[in-house]
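A look at the structure
Below are the chains, spelled out letter by letter.
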Amino acid sequence: MLDSIRDLYQEVVFDHNRNPRNFRVMADANRTVEGYNPLCGDRITLYVKIGETGIIEDVSFQGAGCAISTASASLMTEIVRGQTEQEAEHLFNLFHRITTGQDDSLDPATLGKLAVLAGVRAYPARVKCATLPWHSLQSALKNQADTVSTE
Amino acid sequence: MTTATERAGYPLERIRNDFPILQQSIHGHPLAYLDNAASTQKPRAVIDCIRRVYETDYSNVHRGVHSLSQRATDRYEAARCRLQAFLKARHSHEIIFVRGATEGINLVAQSFGRSHLKAGDEILITAMEHHANIVPWQMLSEQIGTRLVVAPIDRQGELQLDALIDRLSAKTRLVAVTQVSNALGTINPVREIIEQAHARGIPVLVDGAQAVPHLAVDVTALDCDFYVLSGHKLYGPSGIGVLYGKEQWLKAMPPYQGGGDMIRRVTFEKTEYNGLPYKFEAGTPNIVDTIALGAAVDYLEAIGLDAIAAHEAELLAYATRRALEIPGLTLIGTARHKGAILSFTLDRIHPHDIGTLLDMQGIAIRAGHHCAMPVMDFFGVPATARASFGLYNTLAEVDALMDGLGEIIKVFR
């Protein structure tokens, strides 16, 4: 089994699942969104602090979910901190297109660190786990719904 | 390794050969199909039956004077008699064909509920019900103002029978209870529940979706008022199921849906409804799958439900013993009387990861809330992993599952 699982569960994924980064409540967040996939039971609360210039100054999360959703949330918080809303939006689009397999011409390497999650393409039932944190972030940036689901 | 049932003559190898779908590999491993509580696989007898009806006997039923229509009608009605015998109902017209247990419950909620219940009346269910035995009653409550009352379960996942009896009030108009819990495996004392309810003049609906594949059911001896089942959990086709109802109730209930076949005479002013069972079977029914459901019941009874139950009990006992040896594994549902369902969680490993990682080893289980979210809330878990056994499973498959869990724990460490 050990070979095949690495397509989906790379060591980086296990690492972020064991020790999720930015896993904390943020008292001074100015956007908070609940991401919840009731069929799976994946649940995250995403906290975002956006500065006056539109920079994501801080982002953190809490919750309980599978290794894919936890690692995806953890990686996301590391990467988008310091980005502008537009930069984060662009990355979300790339990530979404690659993980949902909409665009095979895209090289997962363009995702940088996030490329470790590209293997989810081969597991359609698990794509929603990887994208839940990103949809939550998008909702936070656009100040849309307070709760998000990718099911 | 063989079970005592096998040594006593249970033809496990022949049974496995009857199921074409089991003869395959998934991700390079032999398939171990342990998701039988979600749906069961189909024996060749059922698959062949479907093909043969379409090739030789197919037409619409109850309509034509031509030969094919007569043959299709005869076979369709023979399936009704077959299901009557299987459930040991008094009359074949007490067998109503529906899409599945879910539609059966919805039929009772809408037809019986709307005609016999009124605002303030109570429907008593248990805390271990499938959503299919919760939501139809909530819908009815929104429509006519009935109230849903829930009998609690304990930490083992057993129904608290005394608490259920306490909740049988002067306002209770129906008890709706599952015979076997799909999320926990618990077998409920339905006979006792029915006796207690009947002593107070309250009818009882039994959700038998998880029970019929595993234990012999006698609706006349049980004396239940309604009983529902799904064909696809019974090694039969999907999209077909049965609502059994006592004649006295079915006669007193209005039709569920209107259309062809359920009428005797229609004018624009008034429609005279057909008698039982056709009053509840509007439109062209699921003809071929109904006939094939009869074939599935033939197949099960040829093996014998008692033999199947004994085989599955051994699989469950062995699986439970091995599961308890796995560090960090918690069983969800440890009732004294259980069907062949093993629901569990692993420390710090989400059930969906367990499901995907077992699939990579060829093992099919269910991960999720099993359409029983209140049960998950009660045990304080977002989801569980669930292995559920059927008549074709082997001890080697239980070993594959447990070894597979060991591998998963290793990679997550």
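Just so it is clear, the model here is predicted, and its values are computed rather than measured. (Residues numbered from 1 in each chain as written. Chains lettered and ligands numbered in written order. Predicted model: local features only at pLDDT ≥ 70, side-chain atom pairs only at ≥ 80, totals over all residues. Heavy atoms only, no water.)

Along the backbone of chain A there are 5 helices and 4 strands. In summary, chain A has a C-alpha radius of gyration of 14 Å against a globular reference of 15 Å for 151 residues, a match within 12%. Expressed as lengths along the three principal axes of its C-alpha atoms, the size of chain A is roughly 45 × 30 × 25 Å. Across the 151 residues in chain A, those meeting the buried criterion constitute 51%. Looking at chain A alone, contacts between residues at least 24 apart form 57% of all its contacts between residues at least 6 apart. Surface exposure of chain A reaches about 6,500 Å², of which carbon and sulfur atoms provide 49%. (Helix = DSSP H or I, 4+ residues; strand = E, 2+ residues; numbered from the N terminus. Rg over C-alpha atoms; globule rule 2.2 N^0.38 Å. Buried < 20%, exposed > 50% of the residue type's maximum accessible area, 1.4 Å probe, protein only. Contact = heavy atoms within 4.5 Å. Areas by Shrake-Rupley, 256 points an atom, 1.4 Å probe, with all protein chains shown as cover.)

Here we take up the interface of chain B and chain A. Counting from both sides, the interface comprises 18 residues of chain B and, opposite them, 21 residues of chain A. Note on chain B versus chain A: buried area summed over both sides is about 1,600 Å², and carbon and sulfur give 64% of it. In this assembly, chain B and chain A are joined by 1 salt bridge. The partner of B:D353 in a salt bridge is A:R126, and the shortest N-O contact between them spans 2.9 Å. Viewed at the interface, chain A and chain B are joined by 8 residue pairs in polar contact (both at pLDDT 80 or more). Listed by contribution, the elements that provide at least two residues to the side of chain B that touches chain A are α13 (351–359) and α15 (395–412) of chain B. Among the residues making up the side of chain B that touches chain A, the classes are represented as 8 nonpolar, 6 polar and 4 charged. (Buried area = accessible area lost by both parts, 1.4 Å probe. Salt bridge = Lys/Arg side-chain N within 4 Å of Asp/Glu carboxyl O. Polar contact = N/O pair within 3.5 Å; in protein donor to acceptor, adjacent residues only side chain to side chain. Nonpolar A, V, L, I, M, F, W, Y, C, P; charged D, E, K, R; others polar.)

Our next topic: the sheet that holds strand β13 (residues 329–331) of chain B. All names here are of chain B. Pairing is antiparallel in the open sheet, where 4 strands are placed in the order β13-β14-β17-β16. What marks the edges here is a single partner per strand, and that holds for β13 and β16 (366–368). Going from strand to strand, the sheet's axes swing by 30 degrees on average, the running direction of each strand aside. Note: strand β14 (residues 341–346) against strand β17 (residues 384–388), 4 bridges, orientation antiparallel. (Pairing = 2+ DSSP bridges. Axes fitted to C-alpha atoms, helices over the stretch in contact; angles between N-to-C directions.)

Another aspect to go through is the sheet that holds strand β5 (residues 122–126) of chain B. All names here are of chain B. Strand order in the open sheet formed by 7 strands is β4-β10-β9-β8-β7-β5-β6, with mixed pairing between adjacent strands. This sheet does not close on itself; its edge strands, each paired only once, are β4 (95–98) and β6 (147–151). The average angle at which neighbouring strand axes cross in this sheet is 20 degrees, direction not considered. As paired elements, β5 and β6 share 5 bridges and run parallel to each other. Considered in β6, the bridge of I125 is made with V150.

We now examine the confidence of the model for chain B. Should pLDDT be low for a region, the predicted coordinates there are not to be read in detail. For chain B, the mean per-residue pLDDT works out to 96, and 100% of the residues sit at or above 70. The ipTM, which scores confidence in the relative placement of chains, is 0.88 for this predicted complex, and the corresponding pTM is 0.94. (pLDDT = per-residue confidence, 0-100.)

Residue and element names in this part refer to chain A. Enumeration over the complete set of coordinates arrives at 33 salt bridges over all chains. Here E78 and R21 are joined by a salt bridge, their closest N and O atoms 3.7 Å apart. Taken together, the positions of E78 in helix α3 (residues 67–80) and R21 in the loop between α2 (11–18) and β1 (31–37) put the pair 57 residues apart, joining distant regions of the chain. You can call E78 partly exposed: its relative accessible area is 31%. Under the relative-accessibility criterion, R21 is labelled partly exposed at 24%. The closest approach of N and O atoms between E151 and K128, which form a salt bridge, is 3.4 Å. Residue E151 is found in the segment after β4 (147–148), and its partner K128 is found in helix α5 (residues 127–141); the two are separated by 23 residues along the sequence. Residue class for E151 comes out partly exposed when judged on its relative accessible area of 37%. Its relative accessible area of 19% is what places K128 among the buried residues.

Assignment of secondary structure puts B:H370 in the loop between β16 and α14 (373–379). Apart from the residues within four sequence positions on either side, B:H370 is in contact with B:H130, B:N182, B:A183, B:S343, B:M376, B:T384 and B:R386.

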